[in-house]
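Secondary and tertiary structure notes
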Amino acid sequence: MKKIISLALAAMLCAAVFVGCGSGENNTTSSLESVTSKSSVSIETETKAYSFNDFEIQVPKSWTEKTKNGHTYFYSSVNSDFLQVSIMDDMEDSILLEENQELVIEGIKESMDDCTILSKSIQKNGDFEGFRYSYTGKLPGVGDTLYYIDCFSISYNNRFIQILYVSISDQREQISNYFPNILSSLKKIETTSSPETNNSAIPSENISSSTSSFGFSSIALLSSALVSSCSGTSTFD
């Protein structure tokens, strides 16, 4: 179960790297003025399907998809919000067990400053039953920005899957417009054999194979990964 906690923290911290450190690879902006000026943009309804071998998800078509350090990101075309999909293979433990849910929550609390758990529940979204929880918090050593994260975690085919929506806490009005629809689009893809390791998003019309792995085992290593990512290096291999 420790691996599940590690993945939960890794996903959160990797997500924050993109917002807190700024990435030249994406088209988003952390400017609150820009976010506010675009907040009146109409809600996008056209979506695009992405496959992760044994499941599929629908994301707004205009959002920019990037993959880094084994995580897949979808950046909003409206503001600085983004969606993240993270996967760990060979996980037999189930997130539907209450003790595992509590371990994940405790791991998050230990890794964030001023962390507040806002909600947690077992719910079904699309074809999957999973553990959904939301929280706010600040990342140690990465400024004073308060982030809002809404997460849906799934155990499926011996894989631990996390789908996170990340937003600046006081600019998160778009989450209610998009995240529920994204989660409801979750669809199982039946396979005739064990799923291959594939943690990168692949448009459904162009499915190919790629591999990556997660090797986190402690909060200290995650903190090191965060610092090195901000400085342009990586310990995520």
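Bear in mind that the values here come from a model prediction, so they are computed numbers and not experimental data. Each chain carries its own residue numbering, running from 1 in the direction its sequence is written. The predicted origin of the model limits local features to residues at a pLDDT of at least 70 and limits the giving and counting of side-chain atom pairs to 80 or more, whereas totals for whole chains, interfaces and linings rest on all residues. Neither water nor hydrogens contribute to the side-chain values; these are computed over all heavy atoms in the structure.

A few points about the sheet that holds strand β3 (residues 64–68)
What counts is decided by this rule: The criterion for strand pairing is that DSSP finds at least two bridges linking the strands in question. Only DSSP runs of H or I with at least four residues qualify as helices, and only runs of E with at least two residues qualify as strands; both kinds are numbered from the N terminus onward. Each axis is a line fitted through C-alpha atoms, and for a helix only the stretch in contact is used; angles between axes span 0 to 180 degrees, taken between their N-to-C directions.
Taken in spatial order, the seven strands make up an open sheet running β3-β4-β5-β9-β8-β7-β6, and their pairing is antiparallel. Of all the strands in the sheet, the pair left with one neighbour each is β3 and β6 (113–125). The mean angle between the axes of side-by-side strands here comes to 20°, regardless of whether they run parallel or antiparallel. Pairing geometry for strand β8 (residues 147–156) and strand β9 (residues 159–168), over 10 bridges, is antiparallel. Pairing of D150 across the sheet is with Y165, part of β9.

A word on the nonpolar core
Basically, it comes down to this: Throughout this description, the term nonpolar core refers to a set of buried Ala, Val, Leu, Ile, Met, Phe, Trp, Tyr and Cys residues connected via side-chain atoms within 4.5 Å. Burial classes: relative accessible area under 20% of the type maximum marks a residue as buried, over 50% as exposed, and values in between as partly exposed (1.4 Å probe, protein chains only). Two residues qualify as a contact provided that any one of their heavy atoms is within 4.5 Å of a heavy atom in the partner residue.
With 25 residues, the main nonpolar core has I57, L83, I163 and L186 as its most contacted residues. Counting residues per element, the ones that place at least two in this core are β2 (55–60), β5 (82–89), β8, β9 and α4 (175–184). Broken down by element, this core gets its largest block of residues, five residues, from α4. Apart from residues no more than four positions distant in its own chain, L83 is found in contact with I57, V59, W63, T72, Y73, F74, I163, L164, Y165, F179 and I182. Y133, Y135, L164 and V166 belong to the second largest nonpolar core, which has 21 residues in total.

Overview of helix α3 (residues 98–111)
Put simply, the rule is: Take the number of residues in a helix, subtract one, and multiply by 1.5 Å to get its expected span. Working note: the arc is built from the helix axis to C-beta atom directions.
In this model, α3 (14 residues) spans 20 Å end to end at C-alpha, consistent with the 20 Å of a helix rising 1.5 Å per residue. Among the residues of α3, those classed as buried are N100, Q101, V104, I105, G107, I108 and S111. Looking down the long axis of α3, one finds its buried residues gathered within 160° of arc, a one-sided arrangement. Within α3, the exposed residues directed more than 90 degrees away from the buried face are E98, E99 and E110.

Digging into a negative patch on the surface
So the rule is basically this: Residues enter patches when they are more than 30% accessible in relative terms and free of salt bridges; like-charged ones are connected within 9 Å and nonpolar ones (Val, Leu, Ile, Met, Phe, Trp, Tyr) within 5 Å. To be clear on the numbers: accessible area is Shrake-Rupley with a 1.4 Å probe, and residue cover counts the displayed protein chains and nothing else. Each reported salt bridge corresponds to a side-chain nitrogen of Lys or Arg within 4 Å of a carboxyl oxygen of Asp or Glu. For the purpose of counting charges, residues Lys and Arg are taken to be positive, whereas Asp and Glu are taken to be negative. His and the chain ends are not included. Working definition for charges: the position is that of NZ of Lys, CZ of Arg, CG of Asp or CD of Glu.
Judged by side-chain charge, D90, E92, D93, E98 and E99 come together as a negatively charged surface patch. Inspection of the secondary structure assignment puts D93 in the loop between β5 and α3.

What about unusual backbone geometry?
Of note, D90 is a non-glycine position whose phi angle comes to about 60°, a positive value. Among the secondary structure elements, D90 is positioned in the loop between β5 and α3. On the basis of relative accessibility, which here comes to 69%, the residue D90 falls in the exposed class. Positive phi is not limited to glycine here, since N157 has a value of about 50°. Looking at the element boundaries, N157 is found in the loop between β8 and β9. By relative accessible area, which is 35% here, N157 ends up partly exposed.

Digging into the packing of aromatic side chains
Stated formally: Working definition: rings of Phe, Tyr and Trp (its six-membered ring) pair if their centres are within 6.5 Å, and the pair is stacked with planes under 30 degrees apart, edge-to-face with planes over 60 apart, and tilted otherwise.
Within the structure shown, the criterion is met by 12 aromatic pairs. Ring geometry for F52 and F55: centres 5.0 Å apart, planes at 5°, overall stacked. On the basis of relative accessible area, F52 is assigned to the buried category, the value being 0%. Judged by relative accessible area, which is 1%, F55 ranks as buried. Look at Y133 and Y135: their rings are 6.3 Å apart centre to centre, the planes differ by 10°, and that puts the pair in the stacked class. For Y135, a relative accessible area of 1% corresponds to the buried category.

Quick notes on α4
Considered for burial, the residues of α4 that qualify are I175, Y178, F179, I182 and L183. What you see down the axis of α4 is that its buried residues fit within an arc of 120°, all on one side. Away from its buried face by more than 90 degrees, α4 exposes S176 and N181. On its buried face, α4 sits against β2, β5, β6, β7 (128–138), β8 and β9.

A word on the pattern of salt bridges
Applying the stated criterion across every chain yields a total of eight salt bridges. Among the ionic pairs, E46 bridges to K61, the shortest N-O distance being 3.3 Å. Remark: K61 occurs in the loop between β2 and β3 and E46 occurs in the loop between α2 (32–38) and β1 (47–51); sequence separation between them is 15 residues. By relative accessible area, which is 48% here, K61 ends up partly exposed.

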